[in-house]
Every structure is written in structure tokens, then in C-alpha cells.
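Structure at a glance
Below are the chains, spelled out letter by letter.
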Amino acid sequence: MSGRSCDHFTLRSFCITERVYPRRDSHVQGLAAFGAEVSSRDSRVFVHGATRLHAADVAAQDIRAVTALLLAALAAEGTSTIRGMYHLRRGYGHLLTTLATLGADITTIPEARP
């Protein structure tokens, strides 16, 4: 990825540039664990192609990351484990209930906050 800018991408491959918080990419490693072809460099996140996601055991470190990982887990085949779900309660307190109402099979286990 060295030196790549966000202007060399297509519909199957794209780049997202974060202009407010340059290191807001804590979800990239977790998404890659699901099988997503995603990477980051500086303030950019690169996504390549459409990929089938598979179950993963991941951890989230903030509210945006846990939301991204939750959506990946719902799209993935198999059962996934996401640590750090307590971040959802800060801003998306009803998201799990809403997703369950829509048919998502979600089980939560209380975890200690670090």
C-alpha cells in the first residue's frame, strides 16, 4: 500500500479517508479476522473487493469498532465472539434489541470493563 492515494480505486475496491481523527481504524484488524480484505495506512482505510465473511473471535476498543465488528459478525457465516460489547451501551443501547427483533441471533455474556 505504500504511497497509494485514494484516487486509484474502483467500485470493488475503495478508500475511506478519516479527516477528523486520523487513527480511527481500530476496527480494521478485527474486520480482517472475519476475512475482509481491508487495511489501513495513516488516515486511510482501504477495502478491496467483495469477500465472504467467516466467524471470528475479536475485540473492540471503542463504540465505532464494536459496531463495525457486530455488523461483520451478522454478515459472517458461523458463530462469532466479540469482546468489548459494553461500548455499545454508550450510544447504541437499544441496537442489540432492535437487531434481535429483526431476526439476529445474539447472545450477550456480561464482561468486566478494563
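Quick notes on the rules
- Residues numbered from 1 in each chain as written.
- Predicted model: local features only at pLDDT ≥ 70, side-chain atom pairs only at ≥ 80, totals over all residues.
- Heavy atoms only, no water.
- Core = buried A, V, L, I, M, F, W, Y, C linked by side-chain atoms within 4.5 Å.
- Buried < 20%, exposed > 50% of the residue type's maximum accessible area, 1.4 Å probe, protein only.
- Helix = DSSP H or I, 4+ residues; strand = E, 2+ residues; numbered from the N terminus.
- Contact = heavy atoms within 4.5 Å.
- Pairing = 2+ DSSP bridges.
- Axes fitted to C-alpha atoms, helices over the stretch in contact; angles between N-to-C directions.
- Expected span 1.5 Å × (residues − 1).
- Polar contact = N/O pair within 3.5 Å; in protein donor to acceptor, adjacent residues only side chain to side chain.

1. Structural notes on the nonpolar core
- Counting residues in each nonpolar core, the largest one holds 22 residues, and the members touching the most others are Phe34, Leu69, Leu70, Ile82 and Met85.
- Only helix H1 (28-33), helix H2 (63-75) and helix H4 (95-101) provide two or more residues apiece to this core.
- Per-element accounting of this core gives the leading share, six residues, to H2.
- Setting aside residues up to four positions removed in sequence, phenylalanine 34 forms contacts with Arg52, Leu53, His54, Ala55, Ala56, Val58, Leu69, Ala72, Ala73, Ala76 and Ser80.

2. Examining the sheet that holds strand S2 (residues 38-41)
- Within the open sheet, the three strands sit side by side as S1-S3-S2. Their pairing is antiparallel. Each edge of the sheet is formed by a strand with only one pairing partner; in this case those strands are strand S1 (13-17) and S2. Here the average twist between neighbouring strands, direction ignored, is 20°.
- Bridge analysis of S1 against strand S3 (residues 44-48) gives five bridges, and the strand direction is antiparallel. Directly across from serine 13, in S3, lies its bridge partner histidine 48.

3. Brief notes about H2
- Given a rise of 1.5 Å per residue, 13 residues ought to cover 18 Å, and the 19 Å separating the end C-alpha atoms of H2 matches this to within 8%.
- Within H2, burial applies to Ile63, Ala65, Val66, Thr67, Leu69, Leu70, Ala72 and Ala73.
- Against H1, strand S4 (57-59), strand S5 (81-83), helix H3 (88-91) and H4 lie the buried residues of H2.
- The N-capping residue of H2, defined by a side-chain oxygen 3.0 Å from the backbone nitrogen of arginine 64, is aspartate 62.

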